[in-house]
Each structure stands twice: as structure tokens, then as C-alpha cells.
Amino acid sequence: GSRSANSQNLILHKTVKKHYLSLAKGAECQVTYIWIDYSGENLQCKTRTLNKEPTGIRDIPEWSASWMDGNLIEVTLVPVRMFRDPFTLDPDKLVLCEVLDSNRVPMGSNQRSQCAKVMEEVREFEPWFGMEQEYILFGLDGRPFGWAPQGSPFTRVNCAVGINQVYGRDICICHYKACLYAGVKICGTNAESLPSQWEFQVGPCEGTEMGDHLWTARYILHRVCEDFGVVASLDVKPIEDKLDTSGCHINFSTKEMRSEGGLQYIEEAIRRLSRRHSQHLRVYDPHGGADNMSRLTSQSSSTSSFHVFSTATSCRNVSVRIPGHVSRRGCGYFEDRRPAANCDPYNVMRTLVETCLLETCEENDDVEAS
């Protein structure tokens, strides 16, 4: 059937491809332009030839593309961050782009420029971010990768080892290596609680750099999965009948929080966050909070309640957590565990900074805090 043909095509395609990738290169450079589509969740790309290797982002010209959002319109791709290409190798590049309309206004799903304005306002605070991206692998048959038709019989455990405990470690390893080659600030990875569920961490990054590196890491993940014939899903509740969900926790600190006595600044930021719980949930997933409503049920040991803000030290089933080592040292960072796996990091960072560093926060949220 078509499923068998698909798997045969994948084997043939990848074996033959090695020959073409090994062909000698001239001075020309292939540049793959990457951008966020109209949904704010998916990525698109296309590639062009430059006569020589670009030395920086200024050497990469703008380009036009088609944009489908009900109507088909022409938009401009503006390069904002350049990486090495881990698929076709040096001197080829990946370049993340913003999408502008005919009046050079960013398209609605492209939130980077708004984030950049806010980051400029708080530059003296030196805001650092780290994000923890969870995802789950699916086969072409639509089932979680490696699972039997009746589901997964195994105990759920993070950081598991063994072929009867985890599926798809090849994806995790190859993605990690590809990100390091590209120059993405990937800093770790681990198996998550479901077999075929994984996580990678990106950071620390300052300002909009966080969003650039996370979106590029997502692109590389999807491309690696193409090579292996599986699908990486950032769906927040990938399997309906399971409590397990996928998030994208964000770690945040300022220069003051990282310095001696910084715990007081961390606690003040968390107090501010407690007053704006519902405002944050509206931007912590791409559907105005609908995704997180199904994810944040407080029914598992790692998620909090959608309706009630909570905080604690070390504990993981809360909205915002102070790590135990931060509490003991009296300085460091805090972790906001509410962002969904499919969140837009630019929106998350912007809202976090506005609340913690810019808002007067005199108005109370209509959501109970605990």
C-alpha cells in the first residue's frame, strides 16, 4: 500500500541523496530563507543562490514570497538572523526572516519587531531567557512513533534509557548536533515522560535572540524529522486520552536577579505576574488561551491550574517556580511553566518583560492567586 511505498521512498531518497551532497562546491552559496507563516505556528522556507558566502546579515538581500491568508498576496522577506546550514554544510546558510506587507508593516503573525521594541526599552536590565521545548514524534500513520496500536504499555518516566522506554533517540541526537553546527544556542536535551516525547533547551539568550534561536531550532527539528520519515508535533495535548502534555517553559532573569540578593527582585517579578495571570495565558499559546485550557488542568504532577495562579520553590505543578538552587543561593532566575509547546517565543518574552519590568501592575487580574 501507500504506507509501504512511503517507507521505501524514504530509504531510496536518503541513500541516493548522499552522492549529490558530496559533489564539489564552487564559490556560490545556497541561502535558505525561513519564515513564520500566517498561523503563527508553522514555518516555511525557500532557497536561493548568492555568488559568494555572506559575511553577515547585511550581505543577504531581501526576497519576495507568496503569503496565503485567505487571499494570496506578495510579501517581503527581511533577513534578521543568519546561521550555518547543517543540511548542505558550509558555506551555505540558513536565514530567519521577518515578513512585511507592501507598506513594510510586519504581517500579523510576525511578532518579532514588537518584541524588539520592548527589549530595547529594557536593555539596561540585561534580560536573559532560556526556553524548554517539548515535542512528540508521530509516524506517518498518525500514531505516536513506535507505539503499538493498543497504545504504550510502559511506565512514564523522564530521562529514561532503553529501547522499551524511549523511541526516536536518533532524532534527538541528530537535532542536537545539527543545532550546534548551525550556531543555535541549544544547551541540553532529554527524554520526556511519554515514549517518543522529547525536550530540548535553548539559551541563555538575551532579548529577541531567544526567539530567533528557538524558531530556528524548531525549523531544524522539522527538517531532521523529514530525513527520518517522522513528524514532530508541538501540539499541547498530543494524545487525547493521556494526561501528558507538551509545554515550552521559559526561564527569565535580569542583571539584578542574577546578582547577590537577587531573590527579592525575583519575588517582586512573581508578585507582578500573579496579578496578570489571565493576560499572560491569552498570549502563551497561539489560540488566545484555548490550547492551555486543555493543558493546564493541574491533574498531573507537572502542570498547574489554568484558572488559578500559583508559585512555589522547587515544586513543578505551579504556574511559576523558583528552582531550589536559586532559593539557596539567594539569586538567579525563575521559571514560568505556563507557555504552551506551540507558543510564539516573541509574544511570551514581550509579555513577560512588560509585566515584570515595565508595568505598574496597579490593576488586579480577575483570576484568583494562591
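Scoring rules and cut-offs
Residue positions are given per chain, counting from 1 as you read along its sequence in written order. Predicted model: local features are reported for residues with pLDDT of at least 70 only, side-chain atom pairs are reported and counted for 80 or more only, and whole-chain, interface and lining totals are derived from all residues. Side-chain calculation: all heavy atoms of the structure are included, whereas hydrogens and water are not. UniProt positions are given in the numbering used here, feature names are shortened, and annotations may be inferred rather than shown by experiment. Helix and strand assignments follow DSSP, with helices taken as H or I runs no shorter than four residues and strands as E runs no shorter than two, numbered in order from the N terminus. The reference for a compact globule is 2.2 Å times residues^0.38; the radius of gyration itself is calculated from the C-alpha atoms. Buried residues are those whose accessible area, probed at 1.4 Å on protein chains only, stays under 20% of the maximum for their type, while exposed residues exceed 50% and partly exposed ones sit between those limits. The contact criterion used is simple: two residues touch if any of their non-hydrogen atoms lie within 4.5 Å. Only the protein chains shown count as covering a residue, and every accessible area follows the Shrake-Rupley method with a 1.4 Å probe. His is not counted, nor are the chain ends; Lys and Arg add positive charge and Asp and Glu add negative charge. Charge positions come from single atoms, namely NZ of Lys, CZ of Arg, CG of Asp or CD of Glu. Strands are treated as partners if at least two bridges between them are detected by DSSP. What counts as an axis is a line fitted to C-alpha atoms, over the stretch in contact for a helix, and the angles between N-to-C directions run from 0 to 180 degrees. Paired rings are identified among Phe, Tyr and Trp, the last through its six-membered ring, by centres lying within 6.5 Å, and are further divided according to the angle between planes into stacked (under 30 degrees), edge-to-face (over 60) and tilted (the rest). Remark: a charge is flagged as sitting over a ring if the NZ atom of Lys or the CZ atom of Arg is within 6 Å of the ring centre and within 35 degrees of the ring normal. Definition used for salt bridges: Asp or Glu carboxyl oxygen within 4 Å of a side-chain nitrogen of Lys or Arg. Any angle between 65 and 115 degrees counts as roughly perpendicular, while under 35 counts as roughly parallel, over 145 as roughly antiparallel, and the rest as oblique. By definition, any crossing whose near helix is turned counterclockwise from its far helix by less than a right angle is left-handed, and any crossing with a clockwise turn is right-handed. Residues are grouped as follows: Ala, Val, Leu, Ile, Met, Phe, Trp, Tyr, Cys and Pro are nonpolar; Asp, Glu, Lys and Arg are charged; all remaining types, including Gly, are polar.

The name an unreviewed UniProt entry gives the protein is Glutamine synthetase, with Dicentrarchus labrax as the organism. According to its UniProt record, the protein has this under Sequence similarities (unreviewed entry): "Belongs to the glutamine synthetase family." UniProt lists a comment for the protein under the heading Subcellular location (unreviewed entry), and it reads "Cytoplasm".

Caption draft 1: How the structure looks around the overall build of the protein. Per the secondary structure count, the protein includes ten helices and 13 strands. For 370 residues, the compact-globule estimate of 2.2 N^0.38 gives 21 Å, and the C-alpha radius of gyration of the protein, at 21 Å, lies within 12% of that figure. C-alpha atoms of the protein, sized along the principal axes, occupy 60 × 55 × 45 Å. Out of the 370 residues in the protein, the part that is buried amounts to 51%. For the protein, restricting intrachain contacts to residue pairs at least 6 apart in sequence, the fraction spanning at least 24 positions comes to 65%. A total accessible area of about 17400 Å² is found for the protein, and carbon and sulfur atoms account for 50% of it. Distance between charge centroids for the protein: 5 Å, based on 40 positive and 48 negative side chains.

Caption draft 2: Just the sheet that holds strand β2 (residues 43-50), in detail. The strand order across the open sheet built from five strands is β2-β1-β5-β4-β3, with neighbouring strands paired in mixed fashion. Each end of this open sheet is capped by a strand with a single partner; those strands are β2 and β3 (63-69). Neighbour-to-neighbour, the strand axes of this sheet turn through a mean angle of 40°, independent of strand direction. In this sheet, strand β4 (residues 71-84) lies alongside β3 in antiparallel orientation, the contact comprising seven bridges. Bridging across to β4, Trp 63 finds its partner in Leu 77.

Caption draft 3: Molecular detail of the packing of aromatic side chains. The full count for this structure, using the stated rule, is four aromatic pairs. Ring geometry for Phe 129 and Phe 252: centres 5.2 Å apart, planes at 25°, overall stacked. Of this pair, Phe 129 sits in strand β6 (residues 128-138) while Phe 252 sits in strand β10 (residues 248-253); the two residues are 123 residues apart in sequence, bridging distant segments of the chain. Exposure class is identical for Phe 129 and Phe 252. Each is buried. Note on Phe 252 and Phe 334: the rings are 5.7 Å apart at their centroids and 80° apart in plane angle, and the pair reads as edge-to-face. With Phe 252 in strand β10 and Phe 334 in strand β13 (residues 334-336), this pair connects stretches of sequence that are 82 residues apart. Across the pair, exposure class does not vary: Phe 252 and Phe 334 are buried alike. Taken together, the ring pairs connect Phe 129, Phe 252 and Phe 334 into an aromatic cluster. In this arrangement the basic side chain of Arg 223 is found over the ring face of Phe 87, its NZ or CZ atom lying 4.1 Å from the centre.

Caption draft 4: Structural context of the pattern of salt bridges. Taken as a whole, this structure holds 19 salt bridges when the rule is applied. Residue Arg 84 pairs with Asp 90 through a salt bridge whose shortest N-O separation is 2.7 Å. Taking relative accessible area as the criterion, Arg 84 reaches 32% and is therefore assigned partly exposed. Overall, Asp 90 belongs to the partly exposed group, its relative accessible area being 36%. A salt bridge links Glu 335 to Arg 321, with the shortest nitrogen-to-oxygen separation between them at 2.6 Å. One end of the pair, Glu 335, is in strand β13; the other, Arg 321, is in strand β12 (residues 320-322), with 14 residues separating them in the sequence. For Glu 335, a relative accessible area of 1% gives the class buried. A single salt-bridge network, built from bridges that share partners, covers Arg 81, Arg 112 and Asp 212.

Caption draft 5: How the structure looks around the packing of helix α3 (residues 169-182) against helix α4 (residues 209-228). Contact geometry for α3 and α4: axes closest at 9 Å, N-to-C directions at 130°. With respect to α4, the axis of α3 lies oblique. Regarding α3 and α4, the two cross each other, and that crossing is right-handed. The segment α3 lies against α4, with Asp 170, Ile 171, Cys 174, His 175, Ala 178, Cys 179 and Ala 182 engaging Ala 217, Ile 220, Leu 221, Val 224, Cys 225 and Phe 228. Considering only residue class, the contact of α3 with α4 consists of eleven nonpolar, one polar and one charged.

Caption draft 6: The arrangement of unusual backbone geometry in detail. With an omega dihedral of 10°, the bond running from Asp 90 to Pro 91 counts as a cis peptide bond. Relative to the assigned elements, Pro 91 resides in the loop between β4 and β5 (93-100). Cis geometry is adopted by the peptide bond preceding Pro 204, which originates at Gly 203 and carries an omega value of -5°. As for its position among the elements, Pro 204 is in strand β8 (residues 197-206). One non-glycine residue, Glu 126, lies in the positive phi region at around 50°.

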